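# Analysis of the macromolecular model
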Amino acid sequence: MIPPSFEYHAPRSVGEAVALLGQYGSDAKLLAGGHSLLPMMKLRFAQPAHLIDINRIPELRGIHEEGDTVVIGAMTVENDLINSPILQAKVPLLAEAAKLIADPQVRNRGTIGGDIAHGDPGNDHPALSLACNASFVLEGPNGRRTVAADGFFLGTYMTLLEETEVMVEIRVPAFAQGTGWAYEKLKRKTGDWATAGCAVVMRKSGNTVSHVRIALTNVAPTALRAEAAEQAVLGKALTPDVLEAAAQAAMAICEPAEDLRGDAEYKTAMAGQMVKRALTKAFARCQ
Ligand SMILES: Cc1cc2nc3c(=O)[nH]c(=O)nc-3n(C[C@H](O)[C@H](O)[C@H](O)COP(=O)(O)OP(=O)(O)OC[C@H]3O[C@@H](n4cnc5c(N)ncnc54)[C@H](O)[C@@H]3O)c2cc1C
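Report follows, based on the coordinates. The structure displayed is predicted, hence computed values, not measured ones.

What follows covers the pattern of salt bridges. Tallied over the entire structure, the rule returns 18 salt bridges. Asp259 is paired through a salt bridge with Arg261; the nearest N and O atoms lie 3.8 Å apart. Take Asp259: its relative accessible area is 37%, and that puts it in the partly exposed class. Salt bridges sharing partners connect three or more residues here, namely Arg188, Asp192, Asp259, Arg261 and Lys267.

A few words now on unusual backbone geometry. Unusually for a residue other than glycine, Arg44 sits at a positive phi of about 60°. Topologically, Arg44 is positioned in the loop between helix H2 (37-42) and strand S3 (50-53). Accessibility expressed as a relative area gives 41% for Arg44, which makes it partly exposed. For Asn218, which is not glycine, the phi torsion reads 65° and is therefore positive. Along the chain, Asn218 falls in the loop between strand S13 (208-217) and strand S14 (224-225).

All right, on to the site of the ligand then. Around the ligand, the structure places 29 residues, and the nearest of them are Leu30, Leu37, Thr111, Asp115 and Asp124. A distance of 2.8 Å separates an oxygen atom of the ligand from a polar atom in the backbone of Ala32. Asp124 is positioned with one of its side-chain polar atoms (N or O) 2.7 Å from a nitrogen atom of the ligand. Its free accessible area being 960 Å², the ligand has 92% of it covered by the protein chains.

Moving on to the pairing of strand S4 (residues 63-66). Direction of pairing for S4 relative to strand S5 (residues 69-73): antiparallel, over a ladder of four bridges. Considered in S5, the bridge of His64 is made with Val71. Linking two consecutive strands that pair antiparallel, namely S4 and S5, is a turn of two residues; a positive phi of about 60° is found at Gly67 within it.

Attention shifts here to the sheet that holds strand S6 (residues 135-140). With antiparallel pairing, five strands are arranged side by side in an open sheet as S4-S5-S10-S6-S7. At either end of the open sheet lies a strand with only one pairing partner, and these are S4 and strand S7 (143-148). Recorded for the sheet is a direction-independent mean angle of 25° between the axes of neighbouring strands. Of the pairings in the sheet, the one linking S6 to S7 comprises six bridges and is antiparallel in character. The residue of S7 that forms the bridge with Phe136 is Val147. Strand contacts of helix H1 (residues 14-24): S6 and strand S10 (166-173), with the helix running at about 130° to S10, the strand carrying the most contacts.

Right, let's talk about the side chain of Lys185 for a bit. With respect to the helices and strands, the residue Lys185 is situated in strand S11 (residues 180-186). Judged by relative accessible area, Lys185 falls into the buried class, the value being 12%. A polar side-chain atom of Lys185 sits 2.8 Å from the main-chain carbonyl oxygen of Leu100. In terms of polar contacts, Lys185 uses its side chain to reach the side chain of Asp124, at 2.8 Å. When near neighbours in sequence (up to four residues on either side) are disregarded, Lys185 contacts Leu100, Ile101, Asp124, Asp192, Trp193, Ala194, Ala196, Gly197 and Met274.

Strand order in this open sheet of three strands is S1-S3-S2, and the pairing throughout is parallel. Both outer strands of the open sheet, strand S1 (7-9) and strand S2 (28-31), are each paired with one neighbouring strand and no more. The mean angle between the axes of side-by-side strands here comes to 25°, regardless of whether they run parallel or antiparallel. Here four bridges tie S2 to S3, and the two strands are oriented parallel to one another. By the bridge assignment for S3, Lys29 is matched with Leu51. With respect to the sheet, H1 is in contact with S1, S2 and S3, its orientation differing from that of S3 by roughly 170°.

On inspection of all chains with the given rule, the structure shows three aromatic pairs. A ring pair is formed by Phe136 and Phe153, whose centres lie 6.3 Å apart and whose planes are at 75°; its orientation type is edge-to-face. With a gap of 17 residues between them, Phe136 in strand S6 and Phe153 in strand S8 (residues 153-155) connect regions that are remote in the sequence. As far as burial versus exposure is concerned, Phe136 and Phe153 are alike and both buried. Summarising the aromatic geometry, the rings of Phe152 and Phe153 are spaced 5.1 Å apart at their centres and angled 90° between planes, so their arrangement reads as edge-to-face. The same class applies to Phe152 as to Phe153, namely buried. Connected via pairs of aromatic rings, a cluster forms that spans Phe136, Phe152 and Phe153. A cation over a ring is seen here: Lys204 above Phe283, with NZ or CZ 5.0 Å from the ring centre.

Reading the values: rules and limits
- Residues numbered from 1 in each chain as written.
- Predicted model: local features only at pLDDT ≥ 70, side-chain atom pairs only at ≥ 80, totals over all residues.
- Heavy atoms only, no water.
- Salt bridge = Lys/Arg side-chain N within 4 Å of Asp/Glu carboxyl O.
- Buried < 20%, exposed > 50% of the residue type's maximum accessible area, 1.4 Å probe, protein only.
- Helix = DSSP H or I, 4+ residues; strand = E, 2+ residues; numbered from the N terminus.
- Near = heavy atom within 4 Å.
- Polar contact = N/O pair within 3.5 Å; in protein donor to acceptor, adjacent residues only side chain to side chain.
- Areas by Shrake-Rupley, 256 points an atom, 1.4 Å probe, with all protein chains shown as cover.
- Pairing = 2+ DSSP bridges.
- Axes fitted to C-alpha atoms, helices over the stretch in contact; angles between N-to-C directions.
- Contact = heavy atoms within 4.5 Å.
- Phe/Tyr/Trp six-rings, centres within 6.5 Å; stacked < 30°, edge-to-face > 60°.
- Lys NZ or Arg CZ within 6 Å of the ring centre and 35° of its normal.

What follows is the structure in structure tokens.
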């Protein structure tokens, strides 16, 4: 319950935050919504000597459109994703799935950038960003770079983010007309992390799948894109056999950690079920 002592910094620009990260190195941590970092500090799993609070940097918040891309500031809180007319119209998966994250109080503080940067396989945004083909803009001492969500998640709590970088924004292609989507999340209770989850973004042509991205939550050390499962449904109608083939392909890449949510066999089987449900729902929503 009692975190260790630390020095507090509240920069007003991304440049200042990057400079502070450069100054204090691995002794420093960025503080976003604080709803993963502070719990870890209270249990003394993390003991940063410097907290760099990025809540007072206006350019990190808000959602806007740039052509066919929806741009989400890294410090945008979950409730603002849910209530965003832009997301509801252009990337409805994110507005809908954010309702399944934590609870109303946590969603008033927890940010999309923090959820992704934390690199927790239990978090929902990593798989959602893979399914949406998102990319992340990172600012460091040498300027900005943009990296794809696909390839960003390296291991549990490990991402492509360098120690001196701030995630500035999340860029998501607007869904093409007629796109179907779903996020199926099995959880023990509201506000819990997924036992297994599956995000799907899909388009159809006639009665067959013409485009699909499938990603899995909390069934491996990182969120996973299930490419073999995508291949199993591409160009096909969603018959029971095709759904089963996709589920089997997704289950084949699962490496879940065994914990109080279940053993590896159960979580893997649940991942397969979530894949079937998400594919079925996304297909029904395609126009
Ligand atoms: C009760 C409870 C239930 C929860 N349930 C869920 C759930 O079901 N699904 C889910 O996905 N999450 C869940 N969470 C996690 C919650 O959404 C966190 O808020 C989120 O994981 C981290 O976001 P944050 O903004 O709070 O980041 P923080 O806790 O402030 O930071 C987390 C980490 O990310 C780094 N970081 C933050 N922002 C940036 C940035 N812009 N650039 C670079 N690094 C950055 C920080 O330095 C830190 O290392 C839950 C949390 C609680 C307390």
